[in-house]
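# Survey of secondary and tertiary structure
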Amino acid sequence: MPELPEVETVKRTLNQLVKGKTIDRVSVHLARIIQRPDDIDQFAWMLAGHTIEGVERRGKFLRILLDGLVLVSHLRMEGRYGVYQSSDPVEKHTHVIFHFTDGTELRYKDVRQFGTMHLFQPGEEFQLPPLSKLGLEPLDSAFTLERFKETLKGKKTKIKAVLLNQAYIVGIGNIYVDESLFRAGIHPEQPADTLTDGQLKALHQAIVATLAESVEVGGSSIKSYVNGQGEMGMFQHQLKIYGRQNQPCVNCGTAVEKTVVGGRGTHFCPSCQTLKS
Ligand SMILES: [Zn+2]
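- As annotated in an unreviewed UniProt entry, the protein carries the name Formamidopyrimidine-DNA glycosylase and comes from Paenibacillus rhizosphaerae.
- Taken directly from UniProt, the Sequence similarities (unreviewed entry) text for the protein runs: "Belongs to the FPG family."
- In its Subunit (unreviewed entry) section, the UniProt record describing the protein reads: "Monomer."

Right under this line is the structure:
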């Protein structure tokens, strides 16, 4: 599943590939991808003639900004965008095609078919689902230590579950929550309201640094994983704890343990991340 750094990289790549292009027409081959409006013909009709002015991100949602419209797109498990020539054969699992006036096409492929698109008037997208209930944006300058502390205040649930809740903080995701907690030396099952000031500061810094570094990796390796069509693949992350169960901890050599917290596979070092009562 793409996490926030991957979606950030998709955003940057789309800005390079489709900014300034004008939509001639739209074809939809799988109606369920289009969540708003209800009618796929209306979706296509509304977008025709509009120009893409840029692509932004809110959590793991892409906001494709057009003149007078905003398309909110979530890739979910397997969604991919790619830019093709209109003469290129259409591959399997291509569900939506934005045909541009210059003869190129932005194609949305999704093997699992879980991705969504919502079309809004500009500004309206923040008032309504799916963006209206999202929490703090961890890569935004508004994500200060103070805001972070306020968000965690009085929460008795396990810190990992709090960090995964999109209503509090958006888009950290399972992998980066484990990485951030390891970096801050905090046990994933530590109740959020028991964290000390020092731990809160370390965790805040760890979240920002972990995500920022991953975005940088994506940005610098862009050529190696964006193919000729501009289609994005997953890049290799520098993971210190996630997926390393039974391997020695990079800090202390203790075997990394795997457990389940909040229904998600969770990796931690029992020596570096002790549970405090
Ligand atoms: Zn360790």
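## Some points on the sheet that holds strand β7 (residues 94-100)
- Pairing is antiparallel across the open sheet formed by four strands, whose spatial order is β1-β7-β8-β6. The open sheet has two free edges, formed respectively by β1 (23-28) and β6 (80-85), since each of these has just one partner strand. Sheet twist, expressed as the mean angle between neighbouring strand axes with direction ignored, is 20°.
- Strand direction decides the pairing type here: β1 and β7, joined by five bridges, are antiparallel. Paired with Ile-23 across the two strands is Phe-100, which belongs to β7.

## Digging into the UniProt feature "domain: Formamidopyrimidine-DNA glycosylase catalytic" (unreviewed entry) in the protein
- Residues given the UniProt feature "domain: Formamidopyrimidine-DNA glycosylase catalytic" (unreviewed entry) here are residues 2-115.
- Across residues 2-115, helical content stands at 20% and strand content at 41%; the span's end C-alpha atoms are separated by 12 Å.

## As for the domain arrangement of the protein
- For the protein, the assigned domains are domain 1 (4-126) and domain 2 (145-268).
- One C-alpha centre belongs to domain 1, the other to domain 2; they are set 29 Å apart.

## As for the sheet that holds strand β2 (residues 34-36)
- Reading across from one edge, β2-β9-β5-β4-β3 is the order of the five strands in this open sheet, with mixed pairing throughout. Strand pairing shows two members of the sheet lacking a second neighbour, β2 and β3 (52-58), which therefore form its edges. Ignoring strand direction, the axes of neighbouring strands in this sheet form an average angle of 25°.
- The sheet contact formed by β2 and strand β9 (residues 116-120) spans two bridges and is parallel.

## As for the UniProt feature "binding site: DNA" (unreviewed entry) in the protein
- Listed under "binding site: DNA" (unreviewed entry) in the UniProt record, and renumbered for this structure, are His-93, Arg-112 and Lys-155. A stretch of 63 residues holds the annotated residues, and the largest C-alpha distance among them is 42.2 Å, long enough that they do not meet in one place.
- Among the structural elements, Arg-112 can be located in the loop between β8 (104-109) and β9.
- Each residue touching Arg-112, except ones within four places of it in the same chain, is listed here: Arg-76, Met-77 and Glu-78.

## Overview of helix α1 (residues 4-18)
- Between its first and last C-alpha atoms α1 spans 21 Å; for 15 residues at 1.5 Å apiece the expected length is 21 Å, and the two agree.
- If you check which residues of α1 are buried, you get Leu-4, Pro-5, Glu-6, Val-7, Glu-8, Thr-9, Val-10, Thr-13, Leu-14 and Val-18.
- Following α1 by one or two positions, Gly-20 has its phi on the positive side, about 90°.

## Describing the environment of Ile-241
- One can find Ile-241 in the loop between α7 (222-225) and β10 (257-261).
- On the basis of neighbour count, Ile-241 is assigned to the buried category, with 26 C-beta atoms found within 10 Å.
- Each C-alpha atom of the pair Ile-241 and Phe-120 lies 40 Å from the other, and the pair is 121 residues apart in sequence.
- Apart from the residues within four sequence positions on either side, Ile-241 is in contact with Asp-178, Glu-179, Phe-182, Val-256, His-267, Phe-268 and Cys-269.

## Comments concerning the pairing of strand β4 (residues 61-66)
- Here β3 runs beside β4; their pairing, made up of six bridges, is antiparallel. Along β4, the bridge assignment pairs Ile-52 with Leu-66.
- Of the strand pairs in this sheet, β4 and strand β5 (residues 69-74) are connected by six bridges, and their pairing is antiparallel. Following the sheet pairing, Ile-64 is matched in β5 by Leu-71.
- Hairpin remark: β4 followed by β5, antiparallel, with two residues in the connecting loop; positive phi at Gly-68, about 90°.

## Re the environment of Ile-52
- Among the secondary structure elements, Ile-52 is positioned in strand β3.
- Taking the C-alpha atoms as reference points, Ile-52 and His-29, separated by 23 residues in sequence, lie 22 Å from one another.
- Once residues lying within four places of it in the same chain are set aside, the contact partners of Ile-52 are Val-18, Lys-19, Gly-20, Lys-21, Ile-64 and Leu-66.

Quick notes on the rules
Residues numbered from 1 in each chain as written. Predicted model: local features only at pLDDT ≥ 70, side-chain atom pairs only at ≥ 80, totals over all residues. UniProt positions renumbered as here; feature names shortened; annotations may be inferred. Pairing = 2+ DSSP bridges. Helix = DSSP H or I, 4+ residues; strand = E, 2+ residues; numbered from the N terminus. Axes fitted to C-alpha atoms, helices over the stretch in contact; angles between N-to-C directions. Domains from an automatic or database assignment. Contact = placed C-beta atoms within 7 Å. Expected span 1.5 Å × (residues − 1). Buried ≥ 20, exposed ≤ 12 C-beta atoms within 10 Å, placed from the backbone.

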